[in-house]
Amino acid sequence: MKPVDSDGYQFIFSDAIAAFKFDSKDKNDSDYHGAPMKAVDVIAEFANAYVFIEIKNFENVERYDENTAINPAGRRMKNRALNSLKEELKYKYRDSFLYRYAESKTDKPTHYICILNLSPSLLYGLEKLLSKELPVGLAGSRWKVSLADSCIVINESMFNSEFPKWSIRRL
């Protein structure tokens, strides 16, 4: 499988049918969209699923950790930052799903993996919120298909232990 480079990382998916940088800015790239929408960083296609991957490597991780706030105003500010991050991750997935729908590439279950360099407790909380708002699974009785079949928010080391068939390394 061909390596996929994105946001300072290289992915290798040993069992993928295809994998590519999805948020390409190069107009000559075959994966370039051109539409003014958000996009996840990487998409991998497997025999029975699609996997969308978003990568965020923050310089200031304390910006999101309300446990480091020294007063209520600081806690509110950190909570707003975390909510903004959740919104960004949510719309990156949804817009990417719309791109893929327009390409007739939503015929398999779709899974979302966010790789963030945050603490495990923040990752867990963000995963719960994001899973609810994407939404994961069937959101109502009238829905026949789901927008997302799963959502995992993890860090780089968790990714490596959770997905041993795949590899990620910093460039």
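Quick summary incoming for the structure in this document. (Residues numbered from 1 in each chain as written. Predicted model: local features only at pLDDT ≥ 70, side-chain atom pairs only at ≥ 80, totals over all residues. Heavy atoms only, no water.)

### Notes on the packing of helix 1 (residues 72-102) against helix 2 (residues 120-133)
Reasoning step 1: Relative orientation of the contacting elements helix 1 and helix 2 amounts to 50 degrees, with a least axis distance of 10 Å. Regarding the angle of helix 1 to helix 2, the classification is oblique. Two packed elements cross with a definite hand, and for helix 1 against helix 2 that hand is right-handed. Mapping the contact onto sequence places Leu82, Leu85, Lys86, Glu87, Leu89, Lys90 and Arg94 in helix 1 and Leu122, Leu126, Leu129, Leu130 and Glu133 in helix 2.
Reasoning step 2: Along the lines of polarity and charge, the residues of the contact of helix 1 with helix 2 split into 7 nonpolar, no polar and 5 charged. (Axes fitted to C-alpha atoms, helices over the stretch in contact; angles between N-to-C directions. Helix = DSSP H or I, 4+ residues; strand = E, 2+ residues; numbered from the N terminus. Parallel < 35°, antiparallel > 145°, perpendicular 65-115°, else oblique. Left-handed = near helix turned anticlockwise from the far one by under 90°. Contact = heavy atoms within 4.5 Å. Nonpolar A, V, L, I, M, F, W, Y, C, P; charged D, E, K, R; others polar.)

### Let's talk about the side chain of Lys86
Reasoning step 1: Among the structural elements, Lys86 can be located in helix 1.
Reasoning step 2: When its relative accessible area of 5% is taken as the criterion, Lys86 is described as buried.
Reasoning step 3: Polar side-chain contacts of Lys86 include one of 2.9 Å to the side chain of Glu133.
Reasoning step 4: Apart from the residues lying within four places of it in its own chain, the contact partners of Lys86 are Leu126, Leu129, Leu130 and Glu133. (Buried < 20%, exposed > 50% of the residue type's maximum accessible area, 1.4 Å probe, protein only. Polar contact = N/O pair within 3.5 Å; in protein donor to acceptor, adjacent residues only side chain to side chain.)

### Topic: the sheet that holds strand 4 (residues 42-46)
Reasoning step 1: Ordered in space as 3-4-5-6-7, the 5 strands form an open sheet in which the pairing is mixed. The open sheet has two free edges, formed respectively by strand 3 (18-21) and strand 7 (150-154), since each of these has just one partner strand. When the angles between neighbouring strand axes are averaged without regard to direction, this sheet yields 15 degrees.
Reasoning step 2: Of the pairings in the sheet, the one linking strand 4 to strand 5 (residues 49-56) comprises 5 bridges and is antiparallel in character. Counterpart to Val42 in the pairing with strand 5 is Ile53.
Reasoning step 3: Sitting on the sheet, helix 1 is in contact with strand 3, strand 4, strand 5 and strand 6 (110-116), with an inclination near 145 degrees to strand 5.
Reasoning step 4: Of the strands in this sheet, strand 6 and strand 7 touch helix 2, which is tilted by about 160 degrees from strand 7. (Pairing = 2+ DSSP bridges.)

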